[in-house]
Amino acid sequence: MSTALNDLSRYPIVQAPMAGGASCPQLVGAVCEAGGLGFLAGGYKTAGGMYQEIKQVRGLTGQPFGVNLFMPQSGQPADPAAVEMYGHQLAGEATWYDTALGDADSGRDDAFDAKVAILLEDPVPVVSFTFGCPGRDTLQAFARAGTFTVVTVTSAEEAQAAQRAGADAVCAQGVEAGGHQGTHRDDPEAGDGTGLLTLVTQVREAVQLPIVATGGLMRGAQIAAVLAAGADAAQLGTAFLVTPESGAHPLHKRAMTQPLFARTELTRAFSGRPARGLVNRFMREHGPYAPAAYPEVHHLTAPLRKAAATAGDAQGMALWAGQGHRLARELPAGQLVEVLAAELDTALSALAQRNVT
């Protein structure tokens, strides 16, 4: 493992930053205290809200932790006509949940500059980026502040761009991952993506940076597999979503292992960007019609998702989940880290024994 990455935590286990509430300070603190690397999700929060959560984490642990930021959406906004048409498609949902649709034009930068300013003024050990790669100046500023930077990538080409820009590491996200695919450019013609083991191998051969592997990982033996493929650490999200410390909605947690929700799919229905979640009524009815329009669709559907959660209706919620969701274990977060570490040790020992014999 890279010395810089290895020094961040006792185990090569990273808790994924899950925007929307799951990655709360309590979860991050518990993971860090157990020897993993916990991550706060800065996405969808105000800059002030993010800073308050950072202060809470510092009160819970003295161990290194990370903060994830969503990159501003560059380029032209989505086609207004396509967004308006999708709004008409959702009119029945608004009536059903007795709420208005959100304002699709609520902003495209997720307060990125304000969050960067806070993180440079009062640095945290690690900052990661999703939906793109910051410019060299931004990454150099974090380096001067002593912050380790990680860029989420979904291809070898994106990893090379991150290396050229000066990132300290990349997080290779396979198509198995729950939540949003962290592609740098949302291309509707690009296909569904690459499986994790193939992606790790491609990235390992393309760049010299440390690699954090993520996507569908739920067991220590799987962590051993990605380490063998060339990763330096493994990032798990869905595995931590069902822990007591997770801030995910109780309906979301229960849905992970309910027979009613048997599979996951990539969909644009809730946000306008491809994201993997449990297939429910909302996804089935609206996924085929959702335009490639992030974050406009995210803003549009936000009141609907909130109203569905308030009504106790999991069929109208964004139930983000990776392909391994049925393997979720309802353990305390610290205990889960310890179990994963023990499973990893067993898998690595078995592999070493095979090599000897």
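To keep things clear, this report deals only with the structure shown in the data block.

1. Focus: helix α3 (residues 47-60)
Since the α-helix packs 3.6 residues into each turn, any two residues three or four apart lie on the same face. Look at α3: 20 Å from first C-alpha to last across 14 residues, which is about the 20 Å you get at 1.5 Å a residue. Of the residues making up α3, those classed as buried are A47, M50, E53, I54 and V57. Each buried residue of α3 lies within a common arc of 125° when the element is viewed along its axis, so the set occupies one face. Looking at the buried residues of α3, the elements they touch are α2 (25-34), β2 (39-41), β3 (66-70) and α6 (112-121).

2. Structural notes on empty space enclosed by the protein
One pass over the structure, following the stated rule, counts one cavity of 30 Å³ or more. Along the wall of the largest cavity there are eleven residues; nearest its centre are L5, S9, Y11, P12 and A233. By residue class, the composition of the lining of the largest cavity is nine nonpolar, two polar and no charged.

3. Section: the pattern of salt bridges
Counted by the stated rule, this structure contains eleven salt bridges. D186 is the salt-bridge partner of R268, the closest N and O atoms lying 2.7 Å from each other. In this pair, R268 sits in the loop between β10 (264-267) and β11 (275-278) while D186 sits in the loop between β7 (179-180) and α9 (196-206), placing the two residues 82 residues apart along the sequence. Classification of R268 by relative accessible area gives buried; the value is 15%. Looking at D186, the relative accessible area reads 23%, which means it is partly exposed. The residue R329 makes a salt bridge to E343 at a minimum N-O spacing of 2.6 Å. You can see R329 sitting in the loop between α14 (296-310) and α15 (333-356) and its partner E343 sitting in helix α15, a full 14 residues away along the chain. The class for E343 is partly exposed, based on a relative accessible area of 23%. A network of salt bridges, in which partner residues are shared, links E93, R281 and E285.

Thresholds applied
Residues numbered from 1 in each chain as written. Predicted model: local features only at pLDDT ≥ 70, side-chain atom pairs only at ≥ 80, totals over all residues. Heavy atoms only, no water. Helix = DSSP H or I, 4+ residues; strand = E, 2+ residues; numbered from the N terminus. Expected span 1.5 Å × (residues − 1). Buried < 20%, exposed > 50% of the residue type's maximum accessible area, 1.4 Å probe, protein only. Arc of directions from axis to C-beta. Contact = heavy atoms within 4.5 Å. 1 Å grid on protein atoms, 1.4 Å probe; cavity = no way out; pocket = protein on both sides within 12 Å on 5 of 7 lines; lining within 4 Å. Points joined across faces, edges and corners; volume = space filled by probe spheres on them. Nonpolar A, V, L, I, M, F, W, Y, C, P; charged D, E, K, R; others polar. Salt bridge = Lys/Arg side-chain N within 4 Å of Asp/Glu carboxyl O.

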